[in-house]
Amino acid sequence: MNDTPDAPAVEIEHLTKVFRVPSLRKQTVLAVNDLSLTVGRGEVYGLIGPNGSGKSTTMKVLLGLLHATTGKCSIFGRDSSQVDSRKDVGFLPENPYFYKHLTASETLDFYGRICGLTKAERRDQSARLLKLVDLEHATDRRLAGYSKGMLQRIGLAQALVQNPRLVVLDEPTAGVDPSGSRQIRDLILALKEQGISIILSSHLLEQVQEVCDRVGIIYKGDLVREGKLEDLISIEDQTEIILKNASPALLEKVRALAAGDSTEVISIGRPRTTLERLFLEETQ
Amino acid sequence: MNDDQETQAAAPAENRTGYSGPALATESKAHSMFSPSRIWALTMHTFTQMVRMRVFYFLLFFSAAIILVAFMFLRFTPEQELKLLKDVSLGAMSLFAGIFAIAGTALLIPKDLEDRTLYTILCKPVPRFEYLLGKLLGMLVLIFVSMLFMDALFCTVVGVREKILVKETADAYDQELAKFPERGQNESWKEQREEALAAITNYGLRWDLQAAVWAIFLKASVMTAVTLLVSTFATTTLFTIISSIAVFIIGHGQHLGRSYFLSGAPEGGFERPLAGVIAIIFPDFHLYDIVDAVVSGEAVATTLLLQMSGMTCLYLLIYTAAASFVFSNKEL
Ligand SMILES: Nc1ncnc2c1ncn2[C@@H]1O[C@H](COP(=O)(O)OP(=O)(O)OP(=O)(O)O)[C@@H](O)[C@H]1O
Ligand SMILES: [Mg+2]
């Protein structure tokens with residue numbers, strides 16, 4: 001299958017994934033149930049949901065690490081079961097571990113090699129990405145001695161090594177300190193600015209709210225809500241009025257539904273719920 | 001190289017600043033389904049991994065063992081002494097190559113799965129059979145390099161010991177001659193002297209030793225491929241190791257079993273097809289049994305070496321193809 005110019009970055013159609021659990025009775029686990037979603041080019045898509053809801057499973061099927069039970073996934077129009085669909089993707093697995101016997105620069109060199117970069121490119125990318133994820137001070141240390149957050153950062157650098165057009169991040173900020181977490185958020189925003197498509201899962205809803213264009217809420221394998229962030233968190237049957245320089249007396253009047261006043265109406269719209277409240281509602 | 005840099009420089013600068021980085025030569029290239037450079041990267045990575053696991057420390061045991069044997073046993077005849085030295089050394093080489101092949105290989109895939117490092121490789125455009133091939137070749141390079149080291153040490157020790165023994169024997173004859181000068185005229189005594197020295201050289205450093213070392217390497221290669229195959233479907237490392245050892249033992253005994261089993265088996269019985277199946281599933285290590293002959297100073301035919309090498313290639317091909325089939329359908 002060829003890269004069609006207008007194909008979306010990610011297309012998941014009716015994906016179902018059933019795991020067989022090794023046990024005496026033939027038990028199965030339905031991890032993802034008839035899930036469909038599309039991530040447009042240059043879009044940042046957030047997948048949120050409680051533990052065990054099927055976020056990581058969806059991503060692994062997308063990357064060809066697991067086989068779909070039914071349904072199909074494609075990346076830029078190329079089927080996920082084909083190796084060449086992975087040419088333009090960078091993946092950060094959850095709780096990533098890398099080869100402990102390698103140093104940070106050797107790690108990037110290795111992943112660059114298997115992506116087919118030339119020696120000069122690998123050297124440049126390695127230097128650039130280590131700077132980007134703030135690991136310049138630990139370039140020549142073996143990963144065996146890296147902390148959890150440092151591993152997460154090298155994982156991010158590794159995902160970007162061949163300048164992918166799509167980045168798949170499974171909980172990119174897990175185990176990263178608050179300032180590192182903010183750096184990662186900035187990095188995601190910068191990638192978005194470069195037109196790179198991103199699909200990420202996270203439990204930090206505030207961050208998802210900050211960086212994602214669209215969000216899908218997944219619960220027990222079902223995609224229960226999906227949409228543009230503004231739409232999802234607006235409350236349909238209420239209106240919000242923001243007043244400037246309103247005196248307490250005026251507020252009284254407004255509260256009493258006084259109309260035709262000299263008060264300037266700055267904005268009238270839907271008040272926002274937080275993504276967190278929506279999340280809790282949808283996954284009860 | 002130069003071409004790559006030129007395209008890089010010529011690439012449009014838009015969208016190529018800050019975070020997203022420079023244009024890379026790979027971006028325009030079509031993806032190749034088979035890339036020797038990718039396989040080589042995986043090979044060297046596996047090799048480095050094993051080296052940094054300090055496996056080469058095992059070789060110190062080998063060195064200590066053969067040096068000890070070489071200079072300890074002085075009560076035998078020179079031939080016996082050299083034979084013992086070669087027996088012990090080749091046996092130790094066989095043992096180390098076997099341990100590397102089985103234990104080392106059995107660890108590779110389960111470790112990658114457990115640490116989830118496998119994900120980070122297979123989510124790149126790397127076909128699964130290339131990953132397996134990289135692991136296999138990495139182990140073969142490791143075994144080859146360690147055998148090269150053992151072989152060099154072994155040959156040095158045998159060579160030195162041989163020289164010493166030849167000199168001692170010649171000195172003994174010379175002393176005898178000094179005592180009984182009339183023996184210099186005795187043809188049969190001179191012949192006896194020559195024969196004694198020839199016997200030592202025959203048991204000494206000869207090219208056929210390299211054939212034995214090569215046979216050991218080939219056998220270890222087959223075991224590596226077998227272990228890799230088992231590890232693609234095994235659920236535990238212990239299972240992989242035990243099954244591979246079982247294959248190793250069956251592989252050694254299968255020619256005996258086959259001749260016993262098939263002698264007097266009726267045409268059209270189940271015995272023949274069963275023996276055929278066993279012969280395909282389990283490698284026949286009888287093929288590689290040249291070590292004993294070499295130790296006793298016999299020559300090895302070139303055709304035998306070619307046959308051995310050819311069969312090994314065939315085994316590697318079959319087992320790796322099977323491993324690749326199992327692995328490409330595996331859920332990670
Ligand atoms: N290899 C497997 N074998 C059997 N069941 C599995 C396997 N992998 C995942 N599951 C099951 O599939 C379901 C979804 O798991 P998944 O890892 O996708 O959840 P998640 O949304 O990523 O959760 P978390 O937020 O904790 O990371 C879980 O019930 C899990 O037990
Ligand atoms: Mg997960």
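Because the structure is a prediction, the values reported are computed rather than measured.

A. Structural detail: the interface of chain A and chain B. Facing 49 residues of chain A, the contacting portion of chain B comprises 46 residues. Carbon and sulfur atoms make up 58% of the area that chain A and chain B hide from each other, which totals about 4300 Å². One can count two salt bridges joining chain A with chain B. Note that Arg52(B) and Glu106(A) form a salt bridge whose closest N and O atoms lie 3.0 Å from each other. Here chain A and chain B share twelve residue pairs in polar contact (both at pLDDT 80 or more) between them. Take the side of chain A that touches chain B: its biggest share by element is seven residues, from helix H3 (residues 119–132) of chain A. When grouped by side-chain class, the residues that make up the side of chain A that touches chain B number 24 nonpolar, eleven polar and 14 charged.

B. Structural detail: the site of ligand 1. Residue and element names in this part refer to chain A. Residues in close proximity to ligand 1 total 14 residues, the closest being Asn51, Gly52, Lys55, Ser56 and Thr57. In the model, an oxygen atom of ligand 1 is placed 2.7 Å from a nitrogen or oxygen of the Gly52 main chain. Computed on the free molecule, ligand 1 has an accessible area of 640 Å², of which 67% lies beneath the protein chains in the complex. Contributions of two or more residues to the shell around ligand 1 are made by strand S2 (27–39) and helix H1 (55–62). Top contributing element to the shell around ligand 1 by residue count: H1, with three residues. Partitioning the shell around ligand 1 into residue classes produces four nonpolar, seven polar and three charged.

C. Inspection of the sheet that holds strand S8 (residues 197–201) of chain A at higher detail. Residues and elements named next belong to chain A. Spatially, S6-S7-S8-S3-S9-S10 is the arrangement adopted by the six strands of the open sheet, whose pairing is mixed. Strands with a single pairing partner mark the edges of an open sheet, and in this sheet they are strand S6 (89–92) and strand S10 (222–228). The sheet shows a mean angle of 15 degrees between the axes of neighbouring strands, taken without regard to direction. Inspection of the sheet shows S6 paired to strand S7 (residues 166–170) by four bridges, in the parallel sense. Its bridge partner lying in S7, Val89 is registered against Leu166. The sheet contacts of helix H4 (residues 148–159) involve S6 and S7, and relative to S6 the element is tilted by about 170 degrees. Relative to the sheet, helix H5 (residues 178–193) contacts strand S3 (44–48), S7 and S8, its axis offset from that of S8 by approximately 150 degrees.

D. The arrangement of the packing of helix H6 (residues 128–179) of chain B against helix H7 (residues 187–203) of chain B in detail. Residue and element names in this part refer to chain B. H7 packs onto H6 with a crossing angle of 170 degrees between their chain directions and a minimal axis gap of 9 Å. Taken together, the axes of H6 and H7 are roughly antiparallel relative to one another. Of the residues in H7, those touching H6 at Glu162, Leu165, Val166, Thr169, Ala170, Tyr173, Asp174, Glu176 and Leu177 are Trp189, Gln192, Arg193, Ala196, Leu197, Ile200 and Thr201. Broken down by class, the residue content of the contact of H6 with H7 amounts to nine nonpolar, three polar and four charged.

E. Layout of the coordination of the magnesium ion (ligand 2). Residues and elements named next belong to chain A. Listed as protein donors to the magnesium ion (ligand 2) are Ser56 (OG) and Glu94 (OE); their distances from the metal cover 1.9 to 2.5 Å. Here the residue Ser56 occupies a position in helix H1, and Glu94 occupies one in the loop between S6 and helix H2 (104–114), the gap between them amounting to 38 residues. Accessibility expressed as a relative area gives 23% for Glu94, which makes it partly exposed.

Parameters and conventions
Residues numbered from 1 in each chain as written. Chains lettered and ligands numbered in written order. Predicted model: local features only at pLDDT ≥ 70, side-chain atom pairs only at ≥ 80, totals over all residues. Heavy atoms only, no water. Contact = heavy atoms within 4.5 Å. Buried area = accessible area lost by both parts, 1.4 Å probe. Salt bridge = Lys/Arg side-chain N within 4 Å of Asp/Glu carboxyl O. Polar contact = N/O pair within 3.5 Å; in protein donor to acceptor, adjacent residues only side chain to side chain. Helix = DSSP H or I, 4+ residues; strand = E, 2+ residues; numbered from the N terminus. Nonpolar A, V, L, I, M, F, W, Y, C, P; charged D, E, K, R; others polar. Near = heavy atom within 4 Å. Areas by Shrake-Rupley, 256 points an atom, 1.4 Å probe, with all protein chains shown as cover. Pairing = 2+ DSSP bridges. Axes fitted to C-alpha atoms, helices over the stretch in contact; angles between N-to-C directions. Parallel < 35°, antiparallel > 145°, perpendicular 65-115°, else oblique. Donors = N, O, S within 2.8 Å, 3.2 Å for Na, K, Ca; no water. Buried < 20%, exposed > 50% of the residue type's maximum accessible area, 1.4 Å probe, protein only.

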